[in-house]
Amino acid sequence: MRDPYRLVRARPEPEFEISVDGTPVPVVPGQTVGAAMHGAGVRSWRTTRFGGRPRGLFCGIGVCFDCLVTVNGTPSLRACLTEALPGDLVTTGDASGDEGDEAEG
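Anyway, here's the lowdown on the structure attached to this text. (Residues numbered from 1 in each chain as written. Predicted model: local features only at pLDDT ≥ 70, side-chain atom pairs only at ≥ 80, totals over all residues. Heavy atoms only, no water.)

## Structural notes on the overall build of the chain
- Check the secondary structure of the chain and you find three helices and seven strands.
- A buried classification covers 29% of the 105 residues belonging to the chain.
- The long-range share in the chain, meaning contacts at least 24 apart out of those at least 6 apart in sequence, stands at 43%.
- Looking at the chain as shown, the accessible area adds up to about 6,700 Å², and 54% of this sits on carbon and sulfur atoms. (Helix = DSSP H or I, 4+ residues; strand = E, 2+ residues; numbered from the N terminus. Buried < 20%, exposed > 50% of the residue type's maximum accessible area, 1.4 Å probe, protein only. Contact = heavy atoms within 4.5 Å. Areas by Shrake-Rupley, 256 points an atom, 1.4 Å probe, with all protein chains shown as cover.)

This is how it looks when you write it as structure tokens:
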């Protein structure tokens, strides 16, 4: 099998890690925080206020607010739109005790 990067003549930057609730998560340069978490097997990181239903990536394009995280102390960032940078410290609603912001219907 051919190297896919060779086919497109890409020279990707080396992978790096971010910390999600104290756990190292590998990141391919250019990935969002949400994509890195999803790639690491993290499917949900918040729960709804009413009912405690799990939330994570839903729309993946910044329309909803299911994937909110705190990055380097800045709260309420959409993980699907926030580019992961080396050394980012990400905390989720589950780690901080946040039970979610959205209303359920």
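There's plenty left to go through after this.
## Considering the pairing of strand 6 (residues 74-78)
- Across three bridges, strand 5 (residues 68-71) lies against strand 6 in antiparallel orientation. Looking across to strand 6, one finds that Leu68 is bridged to Arg78. (Pairing = 2+ DSSP bridges.)

## Side note on the nonpolar core
- Judged by nonpolar contacts, the single largest core of 16 residues is most densely connected at Ile18, Val33, Val69 and Val90.
- For Val33, the contacting residues outside a window of four places in its chain are Ile18, Val69, Val71, Ala79, Thr82, Glu83, Ala84 and Val90. (Core = buried A, V, L, I, M, F, W, Y, C linked by side-chain atoms within 4.5 Å.)

## Side note on unusual backbone geometry
- One non-glycine residue, Asn72, lies in the positive phi region at around 50 degrees.
- Looking at the element boundaries, Asn72 is found in the loop between strand 5 and strand 6.
- The backbone phi angle of Ser76 is positive, close to 60 degrees, even though this residue is not glycine.
- Within the fold, Ser76 resides in strand 6.

## Overview of the sheet that holds strand 5
- The strand order across the open sheet built from five strands is 2-1-7-5-6, with neighbouring strands paired in mixed fashion. Only two strands of the sheet have a single neighbouring strand rather than two, namely strand 2 (23-27) and strand 6. Strand-to-strand twist across the sheet, computed as the mean angle between neighbouring axes with direction ignored, equals 40 degrees.
- Relative to strand 2, strand 1 (residues 16-20) runs antiparallel, the two being bridged by five bridges. Residue pairing in the sheet places Ser19 in a bridge with Pro24 of strand 2. (Axes fitted to C-alpha atoms, helices over the stretch in contact; angles between N-to-C directions.)

## Some thoughts on the pattern of salt bridges
- On inspection of all chains with the given rule, the structure shows one salt bridge.
- Linking Arg55 and Asp66 is a salt bridge whose minimum nitrogen-to-oxygen distance equals 3.7 Å. With Arg55 in strand 4 (residues 54-55) and Asp66 in the loop between strand 4 and strand 5, the pair connects residues that are 11 residues apart, well separated along the chain.
- The class of Arg55 is partly exposed, set by a relative accessible area of 22%. (Salt bridge = Lys/Arg side-chain N within 4 Å of Asp/Glu carboxyl O.)

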